[in-house]
Amino acid sequence: MGGRYRRRRVRGSPILGLVGRTVALVGVRRIGPGDESEVLALMRALWGHTTLEDDVEPVEVWVWADDDGSLTGFASASLRAWAEGCESRPAPFLEGWFVAEHHRGRGIGAALVGAVEDWARSLGHTDLGSDTWLDNDLGRRAHAALGFEEVERVIRYRKPLA
Ligand SMILES: CC(C)(COP(=O)(O)OP(=O)(O)OC[C@H]1O[C@@H](n2cnc3c(N)ncnc32)[C@H](O)[C@@H]1OP(=O)(O)O)[C@@H](O)C(=O)NCCC(=O)NCCS
């Protein structure tokens, strides 16, 4: 993949690209057979652990397939019973959102969130919840750029029970 391609903004629907001698889908699609190990690696890069196998609630997963066939980003979403600041009940919630570092700034993250929004709209929901860590400036800027409004800050506690 050349530098010019890396800087190209990618928006909208998936396009067809050549991968070796075969034609592959370039863009956002649902996770599919054979994607799991690459998606787990992306999840580990975001959280330090995976959720595909741990999550209690059913999670929907979308991936970004690049022009060489590799997966360079994912978004996952669930329907939570409710989410802070959201009118929808249940509330569609952006659980995970990650693009590999060298592929950022091309519109991949926005395309992944667009797919989550389409899914939530198709279920009749009127808003989408999300969260990030207080010290994640990049995550906060990217959320704001895509139209997310900050609704609350929380401190989470744990008390060990001896
Ligand atoms: C957040 C993340 C997924 C964005 O992916 P991306 O492919 O770089 O995002 P895009 O290129 O589609 O940019 C999305 C919007 O965020 C803005 N943005 C992206 N990086 C930015 C930065 N460093 N500074 C300011 N704005 C930024 C873009 O300008 C864009 O807004 P626009 O559509 O108005 O131009 C990616 O940076 C990432 O994986 N970060 C680490 C994990 C993380 O923080 N996840 C989110 C919280 S869990």
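Counting starts from 1 at the beginning of each chain's written sequence and moves along it residue by residue. In view of the model being predicted, local features appear only for residues whose pLDDT reaches at least 70, and side-chain atom pairs are presented and counted only at 80 or more, with totals across whole chains, interfaces and linings using the full set of residues.

A. Spatial organisation of the overall build of the chain. Secondary structure assignment for the chain yields four helices and six strands. Put simply, the chain runs from its N terminus to its C terminus through helices and strands in the order α-β-β-α-β-β-β-α-β-α. Here a residue counts as buried when 20 or more other C-beta atoms sit within 10 Å of its C-beta, as exposed when there are 12 or fewer, and as partly exposed otherwise, the C-beta atoms being derived from the backbone. In the chain, which comprises 162 residues, the proportion classed as buried is 26%. For the purpose of contact definition, each residue receives a C-beta atom placed from its backbone, and two residues are in contact when these atoms lie within 7 Å. If you take every contact in the chain between residues at least 6 apart in sequence, the share linking residues at least 24 apart comes to 56%. Think of it this way: any DSSP run of H or I at least four residues long counts as a helix, any run of E at least two long counts as a strand, and we number them from the N terminus.

B. Summary view of helix α3 (residues 108-122). A helix is expected to span 1.5 Å multiplied by its residue count minus one. In a regular helix each residue adds 1.5 Å, so 15 residues correspond to 21 Å; α3 covers 21 Å between its end C-alpha atoms and thus fits that length. G124 occupies a position one or two residues after α3 and carries a positive phi of about 90 degrees.

C. Structural view of the environment of A142. On the secondary structure map, A142 appears in helix α4 (residues 137-145). Expressed as a C-alpha distance, the spacing of A142 and G105, which sit 37 residues apart in the sequence, is 9.8 Å.

D. View of the site of the ligand. Put plainly, near means the residue's C-beta atom, positioned from the backbone, lies within 6 Å of the molecule or strand in question. Close contacts around the ligand come from 19 residues, with R104, G109, A110, G139 and A145 the closest. Where the shell around the ligand is concerned, the elements lending two or more residues are β5 (91-99), α3 and α4. Broken down by element, the residue count for the shell around the ligand peaks at five residues, all from α4. When its residues are assigned to classes, the shell around the ligand shows 10 nonpolar, six polar and three charged. Polar here means any residue outside two lists: the nonpolar Ala, Val, Leu, Ile, Met, Phe, Trp, Tyr, Cys and Pro, and the charged Asp, Glu, Lys and Arg; Gly therefore counts as polar.

E. Just the nonpolar core, in detail. Counting 27 residues, the largest nonpolar core has W62, F74, A75, L94, L112 and V116 as the members making the most contacts within it. At the level of secondary structure, the elements contributing two or more residues to this core comprise α2 (36-47), β3 (60-65), β4 (71-80), β5 and α3. Top contributing element to this core by residue count: α3, with seven residues. Here, a nonpolar core means buried Ala, Val, Leu, Ile, Met, Phe, Trp, Tyr and Cys residues linked by C-beta atoms lying within 7 Å of one another.

F. Up close: the pairing of β5. By the criterion of burial, β5 is predominantly enclosed, with nine of the nine residues buried. Sheet topology places β4 next to β5; eight bridges connect them, and they run antiparallel. Pairing of S76 across the sheet is with G96, part of β5. Two strands form a pair only when DSSP identifies at least two bridges running between them. Note that β5 and strand β6 (residues 129-130) share two bridges and pair parallel. Among the inter-strand pairings, F93 is bridged to a residue of β6, identified as G129. Handedness of a crossover is defined as follows: orient the strands so they point away from the viewer, and if the path from the first strand over the helix to the second runs clockwise, the crossover is right-handed. Taking the sense of rotation as the criterion, the β-α-β connection linking β5, α3 and β6 turns out right-handed.

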